[in-house]
Amino acid sequence: MKYRTNPRNNTQISVLGFGCMRFPRTAFTINQKKTEELLTRAAEAGVNYFDTAYLYPGSEAALGKFIAKLNAEGQRDKIYVATKLPYRQCRSAEDAEKIFAEQKKLLCTDYIDYYLVHMLGDAAAFEKCRDMGIIRWLGEEKERGEIRNIGFSYHGGTAGFKELVDIYPWDFCQIQLNYMDDISQAGVAGLKYAGDAGLPVIIMEPLRSGKLVNLPQEAQDLLTREQPGYSPAEFSFRWLWNFPEVACILSGMNEAAQLEDNLNAAEHAKAGVLTEESASLYTSVKEILNAKTAVPCTGCGYCMPCPHGVDIPSVFAAYNKRCSEGFVSGMAAYITCTSLKEKSAAASACIKCGLCEKKCPQGILIRDYLDETKAVMEGLPYRLSLFIVKKFLGPRNG
Ligand code: SF4
Ligand code: SF4
């Protein structure tokens, strides 16, 4: 494993971190056995940064069981545990304190190494946290040693990110970055700004929720021709590790093969090595992907639940599938995700209340895209298919 130095405190962070948002599952619950096997293998291979959040269902408890084993072996200090405060659920510092106590209990630890204000929106949201006493409380926890580093995670644009970097003496920050988001979200400009401010930057969504692993055939062929031996994940990671400002890339590894591929890639992590030729390859792959993506949805699900039943991420995934894989695949996915529930989950069920857009970290104009999805996906073939599904599987309400 390779490590990068945290410029704030000279500790070593592994270039590959474990993103704990999507642990392997069995039906409705996390597969604890498989999860612990993956966590154990990652830690043995030198991964020392594990990132979870209060809002990731079951994740803190699952990671906590692994940490309990480390405690028993006297190995807790071998890893850094990162988790996040859902500040939107707080009305006061006391609320934050209660959640923090619950998190420590779930994670089986007395302290959190990296504690983030989760999805901090903008300077106004920061001021709201300050007014509630949360910022003061964070400082007090740090003085007590129960929080070792205070940071924030962010999904907005570059200008808002720079404001947040300047607003408080953070110890670190976490942004979404990959070769598709070089000028969206905080972007490369934001990464460099944080780096210049001396902040270690943790990267989330390096593979855009796996979408940069499952490349369209045309992009895969180009990659195989130009960079034989690189997996799509390594291709993406190398672009990120090329920036010295990147401290650690979080990857949500839920299969042993993925983990091994990512570990192998981490052995080649280097900054400042990409040539102009390889940079143009990223541009070409990006162009292919953009041409085949209708909606820039990562499938994170933060916009859910929709009070009117629209399955927003699935509906967008099916629409994107139609663009990348063709009519039949896209339509099959759309019918499956919209028609097998009691109430319609289709784009046409949207009443445009706008609640979902307030929660989307990608700033997607969900209502507009649902209109577009409805126009493209809910024509005569869809209505005929619905009729057949109802006839054979029974009526659905709504
Ligand atoms: S705008 Fe539409 S999709 Fe979004 S929450 Fe409201 S009804 Fe649901
Ligand atoms: S619409 Fe936004 S919040 Fe919803 S799944 Fe897509 S990216 Fe996530």
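Residues numbered from 1 in each chain as written. Chains lettered and ligands numbered in written order. Predicted model: local features only at pLDDT ≥ 70, side-chain atom pairs only at ≥ 80, totals over all residues.

**Brief notes about the overall build of the protein chain**
Step number 1: For the protein chain, the count of helices and strands is 16 helices and 12 strands.
Step number 2: Its C-alpha atoms give the protein chain principal-axis dimensions of about 65 × 50 × 45 Å.
Step number 3: Sorting the 398 residues of the protein chain into buried and exposed places 41% on the buried side.
Step number 4: Sequence separation of 24 or more characterises 74% of the internal contacts of the protein chain that already satisfy a separation of 6 or more. (Helix = DSSP H or I, 4+ residues; strand = E, 2+ residues; numbered from the N terminus. Buried ≥ 20, exposed ≤ 12 C-beta atoms within 10 Å, placed from the backbone. Contact = placed C-beta atoms within 7 Å.)

**Side note on the nonpolar core**
Step number 1: In this structure, Cys 173, Ile 175, Val 201, Ile 203, Cys 248 and Ile 249 are the most contacted members of the largest nonpolar core, which totals 89 residues.
Step number 2: No other element matches the six residues that helix α9 (residues 232–241) contributes to this core.
Step number 3: Not counting the four nearest positions on each side in its chain, Ile 203 is found in contact with Ile 175, Leu 177, Leu 240, Val 246, Cys 248, Ile 249 and Leu 250.
Step number 4: Within the second largest apolar cluster, 20 residues are counted, among which are Val 310, Val 315, Phe 316 and Ala 346. (Core = buried A, V, L, I, M, F, W, Y, C linked by C-beta atoms within 7 Å.)

**Here's the deal with the packing of helix α3 (residues 93–106) against helix α5 (residues 134–144)**
Step number 1: It is at 8 Å that the axes of α3 and α5 come closest, and there the two elements cross at 45°. By the angle class used here, α3 and α5 are oblique. Between α3 and α5 the crossing geometry is right-handed. Note on element contacts: α5 touches α3 through Ile 134, Arg 136 and Trp 137, opposite Ala 93, Ala 96 and Glu 97. (Axes fitted to C-alpha atoms, helices over the stretch in contact; angles between N-to-C directions. Parallel < 35°, antiparallel > 145°, perpendicular 65-115°, else oblique. Left-handed = near helix turned anticlockwise from the far one by under 90°.)

**Focus on the domain arrangement of the protein chain**
Many descriptions give the size of an interface as the accessible area lost when the pieces come together.
Step number 1: Split by domain assignment, the protein chain resolves into domain 1 (3–290) and domain 2 (312–393).
Step number 2: Put simply, the middle of domain 1 and the middle of domain 2, counted by C-alpha atoms, are 30 Å apart. (Domains from an automatic or database assignment.)

**Thoughts on the pairing of strand β7 (residues 80–85)**
Step number 1: Within β7, six of the six residues are buried, leaving the element largely enclosed by the surrounding structure.
Step number 2: As judged from the three bridges shared by strand β6 (residues 49–51) and β7, these two strands associate in the parallel manner. The residue bridging Phe 50 from the neighbouring strand is Val 81, located in β7.
Step number 3: The parallel pair β6 and β7 is bridged by helix α2 (residues 59–72), and the resulting crossover is right-handed.
Step number 4: Crossover β7 to strand β8 (residues 112–117) through α3 is right-handed. (Pairing = 2+ DSSP bridges. Right-handed = clockwise from strand over helix to strand, strands pointing away.)

**Brief notes about the site of ligand 2**
Step number 1: In the region of ligand 2, 15 residues are neighbours, and Cys 297, Cys 300, Cys 303, Pro 313 and Cys 360 sit closest.
Step number 2: Counting residues per element, the shell around ligand 2 draws most heavily on helix α12 (residues 312–325), at three residues.
Step number 3: When grouped by side-chain class, the residues that make up the shell around ligand 2 number 10 nonpolar, four polar and one charged. (Near = placed C-beta within 6 Å. Nonpolar A, V, L, I, M, F, W, Y, C, P; charged D, E, K, R; others polar.)

**Concerning the environment of Ser 278**
Step number 1: Residue placement: Ser 278 occurs in helix α11 (residues 276–291).
Step number 2: Its 15 C-beta neighbours within 10 Å are what place Ser 278 among the partly exposed residues.

**Here's the deal with the sheet that holds β8**
Step number 1: Taken together, the eight strands give a closed barrel; going around it, the order is β3-β6-β7-β8-β9-β10-β11-β12, and neighbouring strands pair in parallel fashion. Strand-to-strand twist of the sheet, defined as the mean angle between neighbouring strand axes without regard to direction, takes the value 30°.
Step number 2: Both strand β9 (residues 147–154) and strand β10 (residues 172–176) contribute to a ladder of four bridges, which runs parallel. Paired with Gly 151 across the two strands is Phe 172, which belongs to β10.

**Details of the site of ligand 1**
Step number 1: Lining the immediate surroundings of ligand 1 are 15 residues, of which Cys 306, Val 310, Cys 350, Cys 353 and Cys 356 lie closest.
Step number 2: Of all the secondary structure elements, the ones that give two or more residues to the shell around ligand 1 are α14 (355–359) and α15 (366–377).
Step number 3: The leading source of residues in the shell around ligand 1 is α15, at three residues.
Step number 4: Class assignment for the residues of the shell around ligand 1 results in 11 nonpolar, two polar and two charged.

**A look at the pairing of β8**
Step number 1: Where burial is concerned, most of β8 is hidden: six out of the six residues are buried.
Step number 2: Note that β8 and β9 share five bridges and pair parallel. What sits directly across from Leu 116, in β9, is Gly 151.

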